[in-house]
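Listed below, chain by chain, are the residues.
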Amino acid sequence: MQFYLKPSILTLSAGLAFASPVFAQDDERVYSPVTDEMIMNPPAGDWLMWRGTIDNHGYSNLDTINKDTVADLELAWAWPMADVGLQQTTALEHDGIMFINTNNSIVQALDAKSGDLLWEYRHALAEVPKSWGYLNYQSRRQKNSIALYEDKVYLTTVDAKIVALEATTGKTVWETQAFDNSKGYSYTVGPLVVNGKVISAISGCSIAGTAGGCFIAAHDAETGEELWRFNTLDDPNNPAQGESWGDVPPENRWGGTPWAVGSYDPETNMTFWGVGMPAPYAELVRGSGDGDVLYTNSTLALDADSGELKWYFQHLPRDNWDLDSPFERVLVDQEVDGKKHKMVVSVPGKNGIAFALDRDTGEYLWSLETVYQNVVTKIDDDGKVHINEDLVSSAVGESHLACVSVSGGKLWQAGAYSPRTGSFYVPLTEACNTTTPIQTEFTAGNSTGSLKFGPRVLPEGIDQAGLVDAISVNPEQGTHAWQHRQRTIPTSSVIATAGGLVFGGDAGRYIKAWDDTTGEVLWSQRLNAPIGGSPSTFEVDGEQYLVVPTGYSAAASSAASMFPEVPLPSGAGNSIFVFKLPKSDG
Amino acid sequence: MIFRSLLALVFALNCVPARGQDAPQMYLDNTRKIQGDKIRVCVDDAAVGAPFDRAVAEEIGKALFLDVVFDQSPGGFPISGGGFLEELQIRMNKNCDLVMGMSLQTGNLYPDWVSPTRVYATVPYVLAVLDPRYETLADIPKEHFIGTALGSSGEWAFITAMGQRPEGQRWKRLPYADKSLMLRRLRDGQLSGMLLWQPMLQQLLAEEPGGGDVKIIAPDPIQVATVRVGGLVSSRDSFLRNQIDSAIDALIQDETIAALMDEFGFAGMPGG
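Reading the values: rules and limits
- Residues numbered from 1 in each chain as written.
- Chains lettered and ligands numbered in written order.
- Predicted model: local features only at pLDDT ≥ 70, side-chain atom pairs only at ≥ 80, totals over all residues.
- Heavy atoms only, no water.
- Pairing = 2+ DSSP bridges.
- Helix = DSSP H or I, 4+ residues; strand = E, 2+ residues; numbered from the N terminus.
- Axes fitted to C-alpha atoms, helices over the stretch in contact; angles between N-to-C directions.
- Buried < 20%, exposed > 50% of the residue type's maximum accessible area, 1.4 Å probe, protein only.
- Lys, Arg positive; Asp, Glu negative; His and termini not counted.
- Salt bridge = Lys/Arg side-chain N within 4 Å of Asp/Glu carboxyl O.
- Contact = heavy atoms within 4.5 Å.
- Parallel < 35°, antiparallel > 145°, perpendicular 65-115°, else oblique.
- Left-handed = near helix turned anticlockwise from the far one by under 90°.
- Nonpolar A, V, L, I, M, F, W, Y, C, P; charged D, E, K, R; others polar.
- Buried area = accessible area lost by both parts, 1.4 Å probe.
- Polar contact = N/O pair within 3.5 Å; in protein donor to acceptor, adjacent residues only side chain to side chain.
- Core = buried A, V, L, I, M, F, W, Y, C linked by side-chain atoms within 4.5 Å.
- Domains from an automatic or database assignment.
- UniProt positions renumbered as here; feature names shortened; annotations may be inferred.
- Disulfide = S-S within 2.5 Å.

### Points about the sheet that holds strand β12 (residues 161-166) of chain A
Residues and elements named next belong to chain A.
Part 1: Within the open sheet, the four strands sit side by side as β10-β11-β12-β13. Their pairing is antiparallel. Either end of the sheet is taken by a strand with one partner, and the two such strands are β10 (147-149) and β13 (172-177). For this sheet the average axis-to-axis angle between neighbouring strands, irrespective of direction, equals 20 degrees.
Part 2: Relative to strand β11 (residues 152-156), β10 runs antiparallel, the two sharing three bridges. Its bridge partner being in β11, Leu-148 is matched across the sheet by Val-153.

Rendered as structure tokens:
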């Protein structure tokens, strides 16, 4: 089935308070539903979800923009975002329509070729009491992506709702209050939509009222009805999970937030999610002793139909430094000597250590260090991770210099895997900071215990803060294919393409294209603000486009003292820039 | 000459180094407020001390011949405190000349864009129990659990004291962000004592009929922890801070603060 859009009909059908269709010209569009077949094997010209595909590769099969042509890229159009705040958007594209989201849960549809606005959806957020400042804060740092499925756009919101919008109008089809916002839950993770299920994970799990419950959940894509939920902090089916918290019962546990979109393996119907740090950050305060505090900083493999845990692997047990491991889990298939190997490859945590796991069993295959870190001393052959106990504070006020810093190492900026080269390209930062367990109620008598972080500093002997690491992946080992080091830090995700290119950007406002086999910079362009969000690429009418988000970057701000000679703009400038090659005369 | 000096001062106040802000610059209002004889005071009304803080602010306003206009300071943050300072910076930039009810501990986390005022009250943490046999912490068996208010000065003191005792001489501890839950766990026997701020205990017991069976005992052998309660002003407003400090000083001297502490049932002492 296809949907034909006429502006006049659209205007009538979308006459809702929060969806505003705008058509500048009397055109007729065709929007074909995004089927399960397309989700499993997207058309090369589309970008349907956060990382483009359900395996989280961040890879495009398009190759018109390639090593030979990339230097000819020119600006096609640009667009200011609908709201300010942290720039973490990913532009999606299907059938010539681009979909972007921004802070405060605003979604826009644009003509992907011209940049004209087609419709805009503004989520009606409940008024936040002034005394509830955290939700205001969350609204400005909303990092969730959106996803396309069938004839809808799926949005997870800052007030813990899931909203299904009609892709052609922005009209709300359904919305559901997935979690109790009044307890502190809010979405910062976008959805993965497969086989009629909207699978996502909730955030806000360090708010007092959310103690003991942090969830990955699936909802029916047609109705919004919840199908299952999995609690990352309390698993009654696994005694080892509870024991790993020592004496601490579920009602005194916080953290365990997954905050990157999961991946999906259709062969096994498993979905793979990363989980973040425990809270309170320091074991001295949280009372868990030397327990591993599962499932924090773990990879979880869940049955997509039931939410049943198939296996888990913990990348950083006993976290004392807020070094989350929730980042993108990338599914890699490789055939070696006629044998197919199915892996989960990831730099899951802030400490920048790359891991490869057997995708069906969770068995540890290998690990590889990237940036300088001092929190993990050893990883055994069976994958058991040993922490540096010298960096565990035994008294309140006892400081340690932990490398990496609380902002990474690695952060939400996702890496990309290229099946073309077999390499995983990861944006990273060299940084350390002091960590000090501090007991300070900001408001007298209130509960806000904190680990105090010192300023980000470069590790001794290193003056290049930024690193793009190309990790050559195989079932036996990971090795560094190439490393691009630079003074400023990467602030965007990277993508790889069949054109032999890796695109990513930095705090110095440069979007760059690297040769995927050598790391040579083949193209760069300075824009208005730090490069943010995730670049994406698509094709319309035979032309390949590159989308580059820019804007306010918390990572750039927090790292600015490491490269003071590169001043950051004080304005936000949240925008997207769309590049393409000049049209040939022929 | 004076004009040139004033210009230089204005320039100095408006120039910031080319570096990242704690909160995004676009949220920071750069206008100087026209408010005549008003002072905008922010209080977190979700905080247990808010009514007392409001009353103290009213007295500060009277002492300075200023009308107090109340607004909200931000609350509801994660137990890590994440995001609080960014929101506080935005709120102080836009809405608050003075933020009341702040915990001004030694080695506090406040950045250089705020200045603490003089402390107007010092209020203790208390150890509350149900078992009438307990007279001090030392009477509670070591294998029992003590609940502590997560992230509090009382918890800090407790953790530090336990760290100084040999293993086997330490009480077990569970941190609580939800004080009502902590009281429920005291009642159902999962906790044998709970260490929390005295105004918080007072509020919990006021909300609960028949709360009289909860009693406060001495925390011996650990020391009593206290919260030094004061306010925050913008670091730019050094003149205002001096005026507020003088007012607090006067209110302590003339026993106005002491009277308010009595009125609101706060233990401890004025000033700090």
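### Quick word on the side chain of Asp-46 of chain A
All names here are of chain A.
Part 1: The topology assignment puts Asp-46 in the loop between α2 (36-40) and β4 (59-60).
Part 2: For the buried Asp-46, which has no salt bridge, the nearest side chain bearing the opposite charge is Arg-29, at an N-O separation of 12 Å.
Part 3: Residues within four places of Asp-46 in sequence aside, it is in contact with Met-38, Glu-93, His-94, Asp-95 and Thr-537.

### Let's talk about the packing of helix α2 (residues 50-63) of chain B against helix α8 (residues 256-264) of chain B
All names here are of chain B.
Part 1: Interhelical geometry of α2 versus α8 gives an angle of 155 degrees and a closest axis separation of 10 Å. The orientation of α2 relative to α8 falls into the category roughly antiparallel. As for how α2 packs across α8, the hand of that crossing is right-handed. Taking contact as the criterion, the partners of Pro-51, Phe-52, Ala-55, Val-56 and Glu-59 in α2 are, on α8, Thr-256, Ile-257, Leu-260, Met-261 and Phe-264.
Part 2: The residue makeup of the contact of α2 with α8, split by class, is eight nonpolar, one polar and one charged.

### Let's talk about the interface of chain A and chain B
Part 1: Between chain A and chain B, the contact holds 48 residues from the first and 60 residues from the second.
Part 2: Between chain A and chain B, roughly 4800 Å² of surface is buried when both sides are summed, and carbon and sulfur atoms account for 59% of that area.
Part 3: Counting across the interface, chain A meets chain B through two salt bridges.
Part 4: For Asp-247 of chain A, the salt bridge goes to Lys-172 of chain B, with nearest N and O atoms at 3.7 Å.
Part 5: Along the lines of polarity and charge, the residues of the side of chain A that touches chain B split into 23 nonpolar, 18 polar and seven charged.

### Brief notes about helix α6 (residues 198-207) of chain B
Part 1: Among all positions of α6 of chain B, only Gln-198, Pro-199, Met-200, Leu-201 and Leu-204 of chain B are buried.
Part 2: The elements touched by buried residues of α6 of chain B are β5 (121-129), α5 (179-187), β8 (193-197) and β9 (215-217) of chain B.

### Thoughts on the environment of Thr-550 of chain A
Residue and element names in this part refer to chain A.
Part 1: Tracing the chain through its elements places Thr-550 in strand β42 (residues 543-550).
Part 2: Residue class for Thr-550 comes out buried when judged on its relative accessible area of 0%.
Part 3: On a C-alpha basis, the gap between Thr-550 and Ala-178 in space is 31 Å, while along the polypeptide they are 372 residues apart.
Part 4: Once residues within four sequence positions are removed from consideration, Thr-550 is found in contact with Gln-87, Leu-527, Asn-528, Ala-529, Pro-530, Ile-531, Gly-532, Gly-573, Asn-574, Ser-575 and Phe-577.
Part 5: At 2.8 Å, the side chain of Thr-550 and the side chain of Asn-528 are in polar contact.

### So, the nonpolar core
Part 1: The biggest cluster of nonpolar side chains holds 151 residues, and the ones touching the most others in it are Phe-99 and Phe-503 of chain A together with Trp-197 of chain B.
Part 2: Looking at this core, the element that brings in the most residues is β5 of chain B, giving seven residues.
Part 3: Both domains that furnish three or more residues to this core are identified here as domain 1 (34-122 + 228-270) and domain 2 (123-226) of chain B.
Part 4: Core analysis: the second largest hydrophobic core is formed by 40 residues, Met-270, Ala-301, Phe-313 and Val-330 of chain A among them.

### What about the sheet that holds strand β31 (residues 416-418) of chain A?
To summarise the sheet geometry, strands pair through backbone hydrogen bonds and adopt either a parallel or an antiparallel arrangement.
All names here are of chain A.
Part 1: Taken together, four strands build an open sheet; the order of strands is β31-β32-β35-β36 and the sheet is antiparallel. One side of each edge strand has no neighbouring strand; the edge strands of this open sheet are β31 and β36 (478-486). The mean angle between the axes of side-by-side strands here comes to 20 degrees, regardless of whether they run parallel or antiparallel.
Part 2: Pairing geometry for strand β32 (residues 423-429) and strand β35 (residues 466-473), over seven bridges, is antiparallel. Residue pairing for β35: Leu-428 is matched across the bridge by Leu-467.

### Digging into the UniProt feature "domain: Pyrrolo-quinoline quinone repeat" (unreviewed entry) in chain A
Part 1: Under the feature "domain: Pyrrolo-quinoline quinone repeat" (unreviewed entry), the UniProt entry names residues 47-369 and 487-545 of chain A.
Part 2: Taken end to end, residues 487-545 of chain A has its terminal C-alpha atoms 29 Å apart, with 0% of it in helix and 47% in strand.

### A short note on the state of the cysteines
Part 1: Evaluation of the coordinates by the stated rule reveals three disulfides over all chains.
Part 2: Between the sulfur of Cys-403 of chain A and that of Cys-432 of chain A lies a disulfide, 2.1 Å long from S to S. Taking the torsion about the sulfur-sulfur bond, which here is approximately 100 degrees, the covalent link between Cys-403 of chain A and Cys-432 of chain A counts as right-handed. In this pair, Cys-403 of chain A is assigned in strand β30 (residues 400-403) and Cys-432 of chain A in strand β33 (residues 432-438), connecting sequence segments 29 residues apart. Side by side, Cys-403 of chain A and Cys-432 of chain A carry an identical accessibility label, which is buried.
Part 3: Between the sulfur atoms of Cys-42 of chain B and its disulfide mate Cys-96 of chain B the distance is 2.0 Å. Across the disulfide from Cys-42 of chain B to Cys-96 of chain B, rotation about the S-S bond amounts to roughly -85 degrees, and the bridge is consequently left-handed. With a gap of 54 residues between them, Cys-42 of chain B in strand β1 (residues 38-43) and Cys-96 of chain B in the loop between α3 (84-94) and β3 (98-103) connect regions that are remote in the sequence.

### A closer look at the pattern of salt bridges
Residue and element names in this part refer to chain A.
Part 1: Summed over the entire model, instances satisfying the criterion amount to 42 salt bridges over all chains.
Part 2: Notably, a salt bridge pairs Lys-113 with Asp-541, separated by 2.6 Å at the nearest N-O pair. Of the two residues, Lys-113 is situated in the loop between β8 (106-111) and β9 (117-122) and Asp-541 in the loop between β41 (536-540) and β42; the sequence distance between them amounts to 428 residues.
Part 3: We classify Lys-113 as partly exposed; its relative accessible area is 33%.
Part 4: Looking at Asp-541, the relative accessible area reads 58%, which means it is exposed.
Part 5: In this structure, Lys-583 and Glu-543 form a salt bridge, with 4.0 Å as the shortest nitrogen-oxygen distance. Of this pair, Lys-583 sits in the segment after β43 (575-580) while Glu-543 sits in strand β42, and the two are 40 residues apart along the sequence.
Part 6: Relative accessible area serves as the criterion here: at 56%, Lys-583 is assigned to the exposed category.
Part 7: When salt bridges that share partners are traced, they join Asp-265, Glu-267, Asp-333, Lys-340, Lys-342, Arg-359 and Asp-360 into one network.

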